[in-house]
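# Architecture and fold: a report
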Amino acid sequence: HQSSHLHAPFQGGESTVFTIVTLLTMFLRSILLLSLAPATVGAFAPSIPRAFRAGSTTAIRAASGDEPATDVSASGLDRRTALSRAASLALGAPVALASLGVVAPGPAAAADVKTVVVAGATGQTGRRVLERLAGTPGLSVVGGVRNVDKATKALGESSTVVRGAMVQKVGSVDTAGVELKRLDVVADSVDSLTEALKGADALVIATGFIPGNPLKMNQAAHDVDNVGTCRLVDAAKAAGISKIVMVSSILTDGRSWGQEESPGFVITNAFGKVLDEKIVAEKYLRASGIDYTIVRPGGLKAKPPTGALKVSGENTLNSGEISRDLVADVAVASLTDAKASNKVLEIIEDEGVPPKVFNGLNM
C-alpha cells in the first residue's frame, strides 16, 4: 500500500491471479466501451479558456465556482523548472496556485514547515513528492515506508513495473537528504505511527492499496484506504502535525452528486470499492481539526505532462487524466499555500478537448 490510489502496480499474488485481474479489466473495458456513453468534464467543470500547449511556456489554468480562471505562465524556463514554478513547488516562490487564483506564501510562511513526512514514499506518486521535497533547501524530509531496507534499495534504483496491461519505467530517487522511517498504516498501531511522525510539521498521505488477489481486494482497500488512513490521521493529531495533504482521487465522493453510474466511478470502484473506502478517510480528515488539503487527481499517468494543469472545485470532475509529476507538484505546493487551507482540489491535464480517458480506458 505504497501508492496513491488504484493505479498502483499489480503486485503480490501468483500469475493466475494476475491473469484473472487482467481479464477482469478487459471485461470491464468491453462493457464500458459498448454500453456507457462518453463522459465529459464540460458538464461539471467551469468553462476555462485555453492557456498553453507543451513548449517553452507552461501555465496553470483553473477556476473555482464562478471565479475567473487563472493563467500563470513561466517563459524562458526549462520544462522541469517551469512545471515546478507553476505549481509553486519552490516553497516561498510568489506563484499562483491554480484553482484558487492566489499567490503562494512568501519565505516567512514557508519557514513554518520545517519537517515533512511522506507516507507511501516508495509509491509512484509518493516517490515523486519525496524527490521534490528532498530538493528544497532548509527542509527536513522523512519517507514513511513499510520496510526501510527494501525502500532504500527500491528508491535508489530504476526499475520497471507492471500496471495492469501496461509496463512503465520508474526512475531512481536521490535519498541522500532523506530519512526513511518505518510507517505501515495497516500493521502499526496509532502509538507506533505517532512515534514515527513526532517532530514533523506536515504530512503528505500518498498511500493506497495495491490491487492483487480479486478475492481480497475489498478487504485490502478497506484496511489501507479507510481504516489505515484514519489511523494515520489519529497519529498525526497526536504527534502535533499541523498540516496534512492527502492524495485521493476524483469521483471519491461520486455518490453524493449522482456519479455512481458514470464510467469513471464504475471502473474505479470495481477494484475493492476503493472510492467508497477513500471517502470515509477524507471525511475523517476533514473532521479532525487539522488543516488539510485533499488533492483528487484524475487517472494517473507515469509520463510527463502534455497539457495544462487544470484545477477545479470539489465534486466537479468525472473524467480526465494527469501526470503523476503534476500531482506531486500540486501536493507539495499545497503544503504551504494558505489559500489551499481546508480545500479539496480536483486536478487533470487540459488537452483542449473534453476528457475521453480515465484510468487508462477510452471512454
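Our subject is the structure that appears above.
Residues numbered from 1 in each chain as written. Predicted model: local features only at pLDDT ≥ 70, side-chain atom pairs only at ≥ 80, totals over all residues. Heavy atoms only, no water.

## Quick word on the overall build of the chain
This is how the line gets drawn: A run of DSSP states H or I qualifies as a helix once it reaches four residues; a run of E qualifies as a strand once it reaches two. Both are numbered from the N-terminal end. Think of it in three bands: with a 1.4 Å probe and only protein chains considered, a residue is buried below 20% of the maximum accessible area for its type, exposed above 50%, and partly exposed in between. By the convention used here, residues are in contact when the closest approach between their heavy atoms is within 4.5 Å. We get accessible surface area from the Shrake-Rupley algorithm with a probe of 1.4 Å; when it comes to residues, only the shown protein chains can shield them.
Secondary structure summary: the chain contains ten helices and 16 strands in total. In the chain, which comprises 363 residues, the share counted as buried stands at 57%. The long-range fraction of contacts in the chain, counting pairs at least 24 apart against all pairs at least 6 apart in sequence, stands at 75%. Carbon and sulfur atoms form 54% of the exposed surface of the chain, whose accessible area is close to 14500 Å².

## Looking at the pairing of strand E10 (residues 291-297)
What counts, and what does not: Strands are treated as partners if at least two bridges between them are detected by DSSP.
Within E10, six of the seven residues are buried, leaving the element largely enclosed by the surrounding structure. Note that strand E9 (residues 243-247) and E10 share five bridges and pair parallel. Note that in E10 the partner of Met 246 across the bridge is Ile 294.

## Observations regarding the environment of Arg 127
With respect to the helices and strands, Arg 127 occurs in helix H4 (residues 126-134). Using a relative accessible area of 5% as the deciding quantity, one classes Arg 127 as buried. Residues Arg 127 and Leu 155, 28 residues apart in the sequence, show an inter-C-alpha distance of 7.5 Å.

## What about the environment of Ile 322?
Note that Ile 322 resides in strand E13 (residues 321-323). Aside from chain neighbours lying at most four places away, what touches Ile 322 is Pro 297, Gly 298, Gly 299, Leu 300, Lys 301, Leu 309, Val 327, Ile 347, Ile 348 and Glu 349.

## Some thoughts on unusual backbone geometry
One non-glycine residue, Asn 315, lies in the positive phi region at around 55°. With respect to the helices, strands and loops of the structure, Asn 315 is situated in the loop between strand E12 (308-312) and E13. Positive phi, normally seen in glycine, also occurs at Asn 342, with a value near 55°. Assignment of secondary structure puts Asn 342 in the loop between helix H10 (324-334) and strand E14 (343-350).

No statement about biological role is implied by the geometric values presented.
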